Structure formats: structure tokens, C-alpha cells
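Spelled out from the first residue to the last, the chains are:
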Amino acid sequence: MSGALRNLAARQYQRALSEWPRDALRPECQLQDVLTKRLTKNNGSLLPNTSAFNKLTKEAKEQAEIKQANALLSLLENRYKSKYRITGELLKPKSNPKYYSDLVKELEEAPNRTFFGRMAKRLGGIIRFQS
């Protein structure tokens, strides 16, 4: 990669990884850690190291790298959430209108649950499926 484009991609990756929210549900496996390790291993690149990508020209690789960095930033900034709004009908399916609200509630409660709380929840699920 040329110096200017390599620096631009590196700055975009650094910004995205520094601002990416931590995953409270799985604290042992963070996206930032995985991507940082991959960036270090691939000399500052997130492009796959496959024969198809190795056949690309230098300019095509640079453009792919910039697109990769922009995609990461667009996810961070929720561009797609604001561009493709979800209406109330999609959030409340007729078969189970409270499904998504219950799912969000469960995901918010799960990281703060104690060991006994997790076991009680698991046993409640097992008993429910057996009846």
C-alpha cells in the first residue's frame, strides 16, 4: 500500500477499534482484540491472505483496504440503522408480539446475573421444554 492510503486505513482502523463498544455478554472475546491481533499479524491489513487477494493489483488492494475500513466505521456509526429504519410491525410479529422486547431485556440482564441466577434460568428452560 502506498504511504498515504496505508496511513488513512490505519487511522480509520485505530479510530473504529478505540470507539467500538465492549461486549458485556462475552467479555472474554472482544472484537477489538480479534481485529487488533489480525492487524498485527497481517502488517496493518484486514484483507484475507488468500490466493484470490494476492492476485489483485496494488491499487485494487488499496481500494479494498479503504472499503474495509469504511465498512467498519459505518457499522460503528450505525449508518444502516438510520438508513433502514425498522417499523413497529416488524418489531411486533403477530405470533409473539413481545419477542424482541423480551430479547433485549434478556440481553441486558444476562451479564449481571449471578451463578445461581444463571443456573435457575437454565433449569427453568429445561423444565419448560420437558413439559
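Residues numbered from 1 in each chain as written. Predicted model: local features only at pLDDT ≥ 70, side-chain atom pairs only at ≥ 80, totals over all residues. Heavy atoms only, no water.

- As annotated in an unreviewed UniProt entry, the protein chain carries the name Cytochrome B pre-mRNA-processing protein 6 and comes from Sordaria brevicollis.

1. Remarks on helix α4 (residues 58–76)
Then, number 1: Between its terminal C-alpha atoms α4 stretches 27 Å, which fits the 27 Å expected from 19 residues at 1.5 Å a residue.
Then, number 2: Along α4, the residues that are buried comprise Glu62, Ala64, Glu65, Ile66, Ala69, Leu72, Leu73, Ser74 and Leu76.
Then, number 3: One or two steps after α4, the chain reaches asparagine 78, where phi turns positive at roughly 55°. (Helix = DSSP H or I, 4+ residues; strand = E, 2+ residues; numbered from the N terminus. Expected span 1.5 Å × (residues − 1). Buried < 20%, exposed > 50% of the residue type's maximum accessible area, 1.4 Å probe, protein only.)

2. Considering the pattern of salt bridges
Then, number 1: Applying the stated criterion across every chain, the model contains 7 salt bridges.
Then, number 2: The partner of glutamate 77 in a salt bridge is arginine 79, with the nearest N and O atoms 3.0 Å apart.
Then, number 3: Taking the relative accessible area as the measure of exposure, glutamate 77 reaches 36% and is therefore partly exposed.
Then, number 4: We classify arginine 79 as partly exposed; its relative accessible area is 39%.
Then, number 5: The closest approach of N and O atoms between glutamate 106 and lysine 121, which form a salt bridge, is 3.5 Å. Of the two residues, glutamate 106 sits in helix α7 (residues 99–109) while lysine 121 sits in helix α8 (residues 115–130), which places them 15 residues apart along the sequence.
Then, number 6: Of the residues examined, glutamate 106 reaches a relative accessible area of 26% and is grouped as partly exposed. (Salt bridge = Lys/Arg side-chain N within 4 Å of Asp/Glu carboxyl O.)

3. Section: the environment of alanine 64
Then, number 1: Along the polypeptide, alanine 64 turns up in helix α4.
Then, number 2: Residues alanine 64 and leucine 103 lie 39 residues apart in sequence; the distance between their C-alpha atoms is 36 Å.
Then, number 3: Those residues in contact with alanine 64, other than ones at most four positions away along the chain, are Leu47 and Phe53. (Contact = heavy atoms within 4.5 Å.)

4. Quick notes on the packing of aromatic side chains
Then, number 1: This model, assessed by the stated rule, comprises 2 aromatic pairs.
Then, number 2: Consider the rings of tyrosine 99 and tyrosine 100, whose centres lie 5.0 Å apart with planes at 85°: the pair is edge-to-face.
Then, number 3: Note on tyrosine 100: relative accessible area 36%, which makes it partly exposed. (Phe/Tyr/Trp six-rings, centres within 6.5 Å; stacked < 30°, edge-to-face > 60°.)

5. Some details on the side chain of glutamine 12
Then, number 1: Take glutamine 12: it is sitting in helix α1 (residues 3–19).
Then, number 2: Its relative accessible area of 15% is what places glutamine 12 among the buried residues.
Then, number 3: Not counting the four nearest positions on each side in its chain, glutamine 12 is found in contact with Ile66, Ala69, Asn70 and Leu73.

6. Overview of the layout of surface pockets
Then, number 1: The space that makes up the largest pocket amounts to roughly 290 Å³.
Then, number 2: What lines the largest pocket is a set of 15 residues, and nearest its centre among them are Asn42, Ser45, Leu47, Lys61 and Glu65.
Then, number 3: Put simply, the parts of the chain that give the lining of the largest pocket at least two residues each are α3 (51–54) and α4.
Then, number 4: Residues belonging to the lining of the largest pocket are distributed by class as follows: 4 nonpolar, 6 polar and 5 charged.
Then, number 5: When its volume is computed, the second largest pocket comes out at roughly 180 Å³. (1 Å grid on protein atoms, 1.4 Å probe; cavity = no way out; pocket = protein on both sides within 12 Å on 5 of 7 lines; lining within 4 Å. Points joined across faces, edges and corners; volume = space filled by probe spheres on them. Nonpolar A, V, L, I, M, F, W, Y, C, P; charged D, E, K, R; others polar.)

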